[in-house]
Structure formats: structure tokens, C-alpha cells
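# Reading the structure
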Amino acid sequence: MRLKAVRLDEVELPLIEPFETSFGIENRRRFLLVRVESWDGVEGWGECAAAVDPLYSSESVATARWILAERLIPLALRLPAASPESFGRAAERFRGNRMAKAALETALHDNRARREGRSLSRRLGGRRPRVRVGVSVGIQPTVAKLVRRVGRYLDAGYERVKLKVRPGWDSLPVAAVRREYPDLDLWVDANQAYPPSAAGLIRAWAEKFSVAQVEQPFPERSVLAHAALAEGANFRVCLDESVVDAASLEDALLSRAVTSLNVKVARVGGLGPGLSLAGEAARADVPSWVGGMLESGVGRAHNVALASTRPFVLSADLSASDRYYREDLTDPPFVLGRGSTLEVPRGPGTGVEVVERVLRKYRRSSRTFRAG
Ligand code: OSB
Ligand code: MG
């Protein structure tokens, strides 16, 4: 079915607490939301995870707004049959800009599943009623604060913790958390902060403190450095930023640089690409898991649907709504259930509804594009 209109909103949601990584600190998230409407009046929502500054990857709110408004939305409005697949193929000629593409691709998935009256999870082939999740914990002002923070998440029911690390915030905080919680499933994520020459040091503290997984220690293009770290390691080497498409995944698999794959809907350009990358990894016996970008309920719902499908076997970086936002954009909120899980919504589409009152409260701008 053709699209009737696409709305592009810019939203700013305050985070409950600042989130600090090796690349910077975020106190609030400013992001774009895409609302598609097909000719039968059915809607579909997608979120663009790009931040104000291009710190995690080269995309930003401004670049995403430009390519969405000037290229991708007009392209989607011209499609005679607008599906996530037809959009994805048509958008291929524009290089990169995957977070912007993912916003529209996911909105089209939501729209199609709603029109069919099916849950997005089922539409993607998902079978799990609940998905296992963990919590990603930012860099804290002190080690003592970090240990208390981790303790509160464990009290809340999270059974897996990922610590953000960087040079100068690694062996000491990791040692302290391990000492306090000897059985914790503990992961770390460096967001490319180390030079390849740091491999020996990373290996030493990761093995000493039984870190289960080290995520993206080296720069995006340093595939062979990740392979060298993975060789003989007793922890998994996870790639996030390095894997953006089928070719980068193939290089990583062939060079054995990846023993765990973080699949972010935003980073890879949507749910379709995410599913196929995870399938490819599974064929090479590499486990996948769904990563997050502090999404609001809109993006989180897409991530949960993806995590409900077969190739996603490790716990996802998807926490309950109240880990991120006091007031989320969608209803019902995601709440942490037994065994460190989130329930997969069963209603049509993502199974969550955008609350217009909350959206209007946090919206900074809105622009509607109509089919010609
Ligand atoms: O590298 O996984 C990352 C958030 C922003 C940018 C990059 C990353 C993250 C997270 C957050 O770790 C995970 C979440 O959404 O809970
Ligand atoms: Mg990461």
C-alpha cells in the first residue's frame, strides 16, 4: 500500500541519570521520531537513534534530519507499495545513513504488522514470549558509586551487567564490582577507546576478573586487532561499531575477530538487516544479542521484537523504561519481569502506543510530508 503522509518529529527526553561512555556524557536524549500513515489510515512508528553530536558513529540528528527530509521520506512517499523491503532496496543507493534509514524501515514494519493485525514479533518470526535482558551501566564519578549503582540494578532484578570502560576506568572498577558480586554475569564495553597495543592489558584484567565479554575495545576499522585479542581468550570478543553490513560481518567472521555480535537496529539500518546479520553470524556459530541506544519506548519496542527471534541467544541491552526515563513516550511501559526479562508485547505492530500528550510535551519540532 502507498503511504499517505510521513511526520518527522524532533523530541528531547530527559534521562533519569546521566549516561557516560568513553566518548561522552548524555544528560538528555534528543532524537527524531518518524510516523508513517498508509492510505487506510493505519500508522507506524520508528525512532532514529542518532544523537546531537556524531560521537558513537558519524550520524547526528542534523544529518539524519537532512537525509530523511530531503531524500528518504520523499522516496518512501513515491513507492507504489511501501514495505520495509521495498524501502530498504530503494534506499540502498544512498550510502551509509543507517540510523536514518532504520527510523523509516522500522516505522514501515510497524505499519505493516498493524495493518495485518499481527504483532511485529510474530511477523518477524519471533517465538519467545519474554526476552532476557541486562543493564548497561555508564562510567560513574567514583568506584564506590559504581558498586552501589550495580547493587541497585541487581536488587531491581537485572542478572547481567555491562560496564562502560575506557583507559583509566577499567581494571579498578571491574575488580571492585567482581569482588562485591562474585557470580555476576559481567560484560564490558569500551566503544573503541583503546589502541590495539592495549590488548595485553585488557586480556589480563578481563581474565583475572572473569569478564564474560569485551565489547568493541578497538577502533571500528581495526578488525585484525580484535581477532588477535580473541585468539585463545577465555572471554568473548564482541563487535558493535565494526559491523554495519554483510561485508563487514563477513570480514570479521573470516578473520575470527568476533565471538559475540551486538546487533543494533539503528546501526545496521533496520530490522531486516538486523535479522539477516544475526542469521549469518549464527551460521558461523557466533551468538548474537540485541544492543540498545537508550531508545524511547518506540525504538525499544522494535528492539524487543527483534530480540524475540531465534538467532538472538545472549541477553539484550534493553532495560525497563524506568531505567532510562521518568516519562516514556509509549504505553504500556516496559517493566522488568522474572528472570531478568522483558515481556514481548502481543498487540498489533510493536504492541505499544505513542502517548500524544507526552509526545507534545517533549516535542521540539514537527514537520509533515504528504504524498503528491
Ligand atoms: O555501545 O552499546 C553501546 C548507548 C549509547 C551509545 C552506545 C551504546 C549504548 C549502550 C546503551 O550501551 C544500551 C541501552 O540502550 O541500554
Ligand atoms: Mg557498544
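Notes on the structure in this doc start here. (Residues numbered from 1 in each chain as written. Chains lettered and ligands numbered in written order. Predicted model: local features only at pLDDT ≥ 70, side-chain atom pairs only at ≥ 80, totals over all residues. Heavy atoms only, no water.)

### A short note on the coordination of the magnesium ion (ligand 2)
Within the protein, Asp189 (OD), Glu215 (OE) and Asp240 (OD) serve as the donor atoms for the magnesium ion (ligand 2), at 2.1 to 2.3 Å. Between the donor residues of the magnesium ion (ligand 2), the gaps in sequence give the motif D-x25-E-x24-D. One end of the pair, aspartate 189, is in strand E7 (residues 185-189); the other, aspartate 240, is in the loop between strand E9 (236-239) and helix H9 (246-254), and 51 residues separate them in sequence. As far as burial versus exposure is concerned, aspartate 189 and aspartate 240 are alike and both buried. (Donors = N, O, S within 2.8 Å, 3.2 Å for Na, K, Ca; no water. Helix = DSSP H or I, 4+ residues; strand = E, 2+ residues; numbered from the N terminus. Buried < 20%, exposed > 50% of the residue type's maximum accessible area, 1.4 Å probe, protein only.)

### Overview of the site of ligand 1
Around ligand 1 sit 16 residues, and of these Ser136, Asn191, Lys264, Leu294 and Tyr324 come closest. Surface burial for ligand 1 is 98%, taken as the share of its 390 Å² of free accessible area covered by protein chains. Classifying every residue of the shell around ligand 1 by side-chain character gives six nonpolar, three polar and seven charged. (Near = heavy atom within 4 Å. Areas by Shrake-Rupley, 256 points an atom, 1.4 Å probe, with all protein chains shown as cover. Nonpolar A, V, L, I, M, F, W, Y, C, P; charged D, E, K, R; others polar.)

### Quick word on the packing of H9 against helix H11 (residues 271-283)
Interhelical geometry of H9 versus H11 gives an angle of 15 degrees and a closest axis separation of 10 Å. Considering the angle they form, H9 stands roughly parallel to H11. Seen from above, H9 lies across H11 with right-handed handedness. Between H9 and H11, the contacting residues are Ala246, Leu249 and Leu253 on the first element and Leu277, Glu280 and Ala281 on the second. Residues belonging to the contact of H9 with H11 are distributed by class as follows: five nonpolar, no polar and one charged. (Axes fitted to C-alpha atoms, helices over the stretch in contact; angles between N-to-C directions. Parallel < 35°, antiparallel > 145°, perpendicular 65-115°, else oblique. Left-handed = near helix turned anticlockwise from the far one by under 90°. Contact = heavy atoms within 4.5 Å.)

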